[in-house]
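Residue-level listing of the chains:
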Amino acid sequence: QVRLVESGGGSVQAGGSLRLSCAVSGYTDSSLCMGWFRQAPGKEREGVATIVSDGTARYADSLKGRFTISKDSASYTLYLQMNSLKPEDTAMYYCTAEYRPPGWCTVDSTGFLYWGQGTQVTVSS
């Protein structure tokens, strides 16, 4: 089974940047969909970005141009580079994964099985 552990969260001022990391362990294959979701207090969990084994990435429309998802297969690490952070980006960020065909893997997908513990991102104005 896939195990996910996030790190890299913290507190920054608006306009700053953070890079989140997700250490991956366990078995993986070409059908593994991975992504980042976030949840602010009192709000539903929302998809941020997803990526499949061939590197194809998808993003929430509102985050395109500011956030970039990437992965390093050699170190089994998933990343989320967050630039131009805004107070509304404040949330708990979760790494997630699921074995599905590549076409399934979008920020609107439901049914992800594997989740990390989350890392807090706080952006002050």
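Residues numbered from 1 in each chain as written. Predicted model: local features only at pLDDT ≥ 70, side-chain atom pairs only at ≥ 80, totals over all residues. Heavy atoms only, no water.

Visitor: How should I be thinking about the pairing of strand S4 (residues 32-39) in this particular structure?
Guide: Remark: a regular strand shows side chains that alternate across the two faces of the sheet. Within S4, seven of the eight residues are buried, leaving the element largely enclosed by the surrounding structure. Where S4 meets strand S9 (residues 91-99), eight bridges bridge the pair, whose relative direction is antiparallel. From the neighbouring strand, Phe 37 faces S9, where its bridge partner is Tyr 94. Note that S4 and strand S5 (residues 46-51) share five bridges and pair antiparallel. Bridge assignment links Gly 35 to a residue of S5, and that residue is Thr 50. The antiparallel pairing of S4 with S5 creates a hairpin that spans six residues between the two strands, and Gly 42 there sits at a positive phi of about 80°. (Buried < 20%, exposed > 50% of the residue type's maximum accessible area, 1.4 Å probe, protein only. Helix = DSSP H or I, 4+ residues; strand = E, 2+ residues; numbered from the N terminus. Pairing = 2+ DSSP bridges.)

Visitor: I keep staring at the nonpolar core and nothing clicks. Help me out?
Guide: It is characteristic of soluble globular proteins that their nonpolar side chains tend to be buried jointly. Core analysis: the largest hydrophobic core is formed by 30 residues, its most contacted members being Leu 4, Met 34, Trp 36, Leu 80, Met 82 and Tyr 93. Among the elements of the structure, strand S3 (18-25), S4, S5, strand S7 (67-72), strand S8 (77-82), S9 and strand S11 (119-124) are those that each provide at least two residues to this core. Once residues within four sequence positions are removed from consideration, Leu 4 is found in contact with Cys 22, Ala 23, Val 24, Met 34, Cys 95, Thr 96, Ala 97, Tyr 114, Trp 115, Gly 116 and Gln 117. (Core = buried A, V, L, I, M, F, W, Y, C linked by side-chain atoms within 4.5 Å. Contact = heavy atoms within 4.5 Å.)

Visitor: Where do I start with the pattern of salt bridges in this structure?
Guide: Once their charged atoms are close, side chains differing in charge can pair, the charge on each being opposite to the other. With the rule as written, the count across this model stands at four salt bridges. Of the charged contacts, one joins Asp 89 and Arg 66 as a salt bridge, the two residues approaching to 2.8 Å between their closest N and O atoms. Placement of Asp 89 in the loop between S8 and S9 and of Arg 66 in the loop between strand S6 (57-59) and S7 is noted, with a sequence separation of 23 residues between them. Taken as a pair, Asp 89 and Arg 66 share a single burial class, namely buried. Among the charged side chains, a network of salt bridges with common partners joins Arg 38, Glu 46, Arg 66 and Asp 89. (Salt bridge = Lys/Arg side-chain N within 4 Å of Asp/Glu carboxyl O.)

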